[in-house]
Amino acid sequence: MEKYRICGGKPLVGTVDISGAKNAVLPILAAVVLTKEVCCIENIPNISDVSLSLDILSSLGAKIRRLDSHTLEIDPSHLVTHVVPHDLSQHMRASYYYLGSLLGRFGVARSSLPGGCNFGVRPIDLHLKGFRALGAEVPDLPDNGMIEVKANGELVGNSVYLDQVSVGATVNIMLAAVRAKGLTVIENAAKEPHIVDLANFLNSMGADVRGAGTDVIKIRGVDYLRGANYSIIPDQIEAGTYMAAAVATRGNVLVRGVIPKHLESITAKLEEMGATVEELEDEDAIRVSCDKPLRHCTVKTMPHPGFPTDMQPQIAVLLALAEGTSFLTENIWDNRFKYLSELRRMGADVTVNGNTAVFQGVAQLKGAPVRANDLRAGAAMVIAGLSAKGVTIVDDICYIERGYEDIVEKLQALGADIERIYVAPSTAQAM
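All values derive from a computational prediction rather than experimental measurement.

J.: Hey, could you go over helix α10 (residues 312-321) for me, with residue numbers and the actual values?
T.: Taken across its ten residues, α10 has ten buried, putting it largely inside the fold. Of the positions making up α10, those classed as buried are Q312, P313, Q314, I315, A316, V317, L318, L319, A320 and L321.

Here you go:
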């Protein structure tokens, strides 16, 4: 069993390069299915969720060739099935994007209910509502955990109002609608940067998608999508994680290869807490430093452009260390505070009232054995360990490596005392 061993208390200093965005690359890989021509995708992060997505593409019949460590050539011309294997889809939430892309390509798609991190229910009713609006037949109940959507004739554009903002539903409806006949209008659509990136990729293939980044997206269907060369945007959440780590350790880090506008909500909260964030426009980089006590703060997660839910656990570590009383409200997911019990093991003073966590700041966290409850909670445990006094052992690191490329190596380059260790199962149980 692999774990991270962290000896905390060292400021992070230096430069870190940000990888391609996990939340953008997964829908874009699914979108490749919509064409019969070769696509070349650059800036692909080496993370386990991408490996799973490539396994799905291979199982469908796509041919994949690695051109370099972050560039793939994908040939989807001879797909052999519309079924996403259950053993692959159950491990990754983004597997449901293949419902939309396969429906657009073949008029039929079958996949299991989404897997991934366990921090709340993952209903896909809004996805299915969108498919039905385009003319697809969708069963009321899954068949042995599998969902099949099937076009009744050809897909036809329609207006779809999302009852609540949903990134996943917005993506899936976009993927299906680009091959539907006529105009599709998605109202109350998600506005995240990775929605814009998907739209840009689809348009580079010959799609007609307008309004991405606003709450109304208009898609006029086309008969054919060509292959494309495309580069994934940098990962907003990975960048935010290293920003938070720099502040937690009282460090000074240049976060390079970013789009600063995507980080504005994160930057605003770090500055409110007393950190210094400087944008270096010529270098597509920001410098983050902090050399004074953190101030208490109120944070509420919101759909973009609000504070992202995927940064909620990471900023929780800073709130745990901030002077006074801080409040953290989660407005997107149920049950995303499970990791707080791990943070308490490290000395955090935090209570939960409904969807709000209340922090009484402590001077320092202390090292302890903890586990990653999910991807972003795992990142928070790493940040906590980096700032803590003593040694922290982080278990279940498979969650972390779903979304962070070379996290150990990147932190080591910043001066962190962190290593991946191997523990025999019997020894791990004792720990």
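J.: Could you give me a rundown of the state of the cysteines, with the residues and numbers involved?
T.: For the structure shown, the criterion picks out zero disulfides. Counting only cysteine sulfurs, C297 is the nearest neighbor of C290, a cysteine outside any disulfide, at a range of 13 Å. Residue classification places C290 among the buried positions, given a relative accessible area of 4%.

J.: How would you sum up the sheet that holds strand β12 (residues 216-220)? Please name residues and give values.
T.: Note: strands within a sheet are paired through backbone hydrogen bonds, in either parallel or antiparallel orientation. The four strands lie next to each other as β9-β10-β12-β11, forming an open sheet whose pairing is mixed. Strands at the two margins of the open sheet, each flanked by one partner only, are β9 (159-161) and β11 (208-210). The sheet shows a mean angle of 15 degrees between the axes of neighbouring strands, taken without regard to direction. Seen against the sheet, helix α6 (residues 167-177) touches β9, β10 (183-187), β11 and β12 and runs at an angle of roughly 175 degrees to β10.

J.: Please provide a residue-by-residue account of unusual backbone geometry, values included.
T.: Here the bond from H304 into P305 is cis, since omega is 15 degrees, no more than 30 degrees from zero. Among the structural elements, P305 can be located in the loop between β17 (298-300) and α10. The phi dihedral of D396 is positive, around 60 degrees, even though this residue is not glycine. Mapped onto the fold, D396 is located in the loop between β22 (391-395) and α13 (407-413). Judged by relative accessible area, D396 falls into the partly exposed class, the value being 21%.

J.: Hey, could you go over the side chain of D197 for me, with residue numbers and the actual values?
T.: Its place among the elements puts D197 in helix α7 (residues 193-204). Nearest to the buried, unbridged D197 among oppositely charged side chains is K22, at 13 Å. Separated by 3.3 Å, the side chain of D197 and the backbone nitrogen of I233 make a polar contact. Ignoring sequence-local partners within four residues, the contact set of D197 consists of A24, I28, Y230, S231, I232 and I233.

J.: Hey, could you go over the pattern of salt bridges for me, with residue numbers and the actual values?
T.: According to the stated counting rule, one finds 16 salt bridges in the structure shown. Where K410 meets E238, a salt bridge forms, and the shortest distance between an N and an O atom there is 2.8 Å. Of this pair, K410 sits in helix α13 while E238 sits in helix α8 (residues 236-248); the two residues are 172 residues apart in sequence, bridging distant segments of the chain. In this structure, K410 and E238 share a single accessibility class: buried. Notably, a salt bridge pairs R336 with D310, separated by 3.2 Å at the nearest N-O pair. With R336 in the loop between β18 (325-329) and α11 (340-345) and D310 in the loop between β17 and α10, the pair connects residues that are 26 residues apart, well separated along the chain. Accessibility expressed as a relative area gives 2% for R336, which makes it buried. Within the structure, one salt-bridge network assembled from shared partners comprises E2, E401 and R420.

J.: Requested: an account of the packing of aromatic side chains, with residues and values cited.
T.: Each aromatic ring pair is specified by the distance between its two centres and by the angle formed by the two planes. Counted according to the given criterion, the structure contains two aromatic pairs. With a centroid separation of 5.5 Å and an interplanar angle of 65 degrees, the aromatic rings of F201 and Y230 are classed as edge-to-face. Taken together, the residues span a long stretch of sequence, with F201 in helix α7 and Y230 in strand β13 (residues 229-231) at a distance of 29 residues. Of the residues examined, Y230 reaches a relative accessible area of 13% and is grouped as buried.

J.: Could you give an account of the sheet that holds strand β16 (residues 285-289), naming the residues involved and the relevant values?
T.: Strand order across the open sheet formed by four strands is β2-β14-β16-β15, with mixed pairing between neighbours. Sheet topology places β2 (13-17) and β15 (276-280) at the edges, where each strand pairs with a single neighbour. The average angle at which neighbouring strand axes cross in this sheet is 15 degrees, direction not considered. With five bridges connecting them, β2 and strand β14 (residues 252-256) associate as parallel partners. The residue of β14 that forms the bridge with D17 is R256. Across the face of the sheet, α8 comes into contact with β2, β14, β15 and β16 while running at roughly 25 degrees to β16.

J.: Give a detailed account of the pairing of strand β20 (residues 356-360), specifying residues and quantitative values.
T.: On any regular strand, side chains alternate: one points to one face of the sheet, the next to the other face. Most of β20 is tucked away, with four of its five residues classed as buried. The sheet contact formed by β18 and β20 spans five bridges and is antiparallel. By the bridge assignment for β20, L328 is matched with A357. One ladder, built from five bridges, connects strand β19 (residues 349-353) with β20; its direction is antiparallel.

About the cut-offs
- Residues numbered from 1 in each chain as written.
- Predicted model: local features only at pLDDT ≥ 70, side-chain atom pairs only at ≥ 80, totals over all residues.
- Heavy atoms only, no water.
- Buried < 20%, exposed > 50% of the residue type's maximum accessible area, 1.4 Å probe, protein only.
- Helix = DSSP H or I, 4+ residues; strand = E, 2+ residues; numbered from the N terminus.
- Disulfide = S-S within 2.5 Å.
- Pairing = 2+ DSSP bridges.
- Axes fitted to C-alpha atoms, helices over the stretch in contact; angles between N-to-C directions.
- Contact = heavy atoms within 4.5 Å.
- Lys, Arg positive; Asp, Glu negative; His and termini not counted.
- Salt bridge = Lys/Arg side-chain N within 4 Å of Asp/Glu carboxyl O.
- Polar contact = N/O pair within 3.5 Å; in protein donor to acceptor, adjacent residues only side chain to side chain.
- Phe/Tyr/Trp six-rings, centres within 6.5 Å; stacked < 30°, edge-to-face > 60°.

Read these as geometric descriptors, not functional statements.
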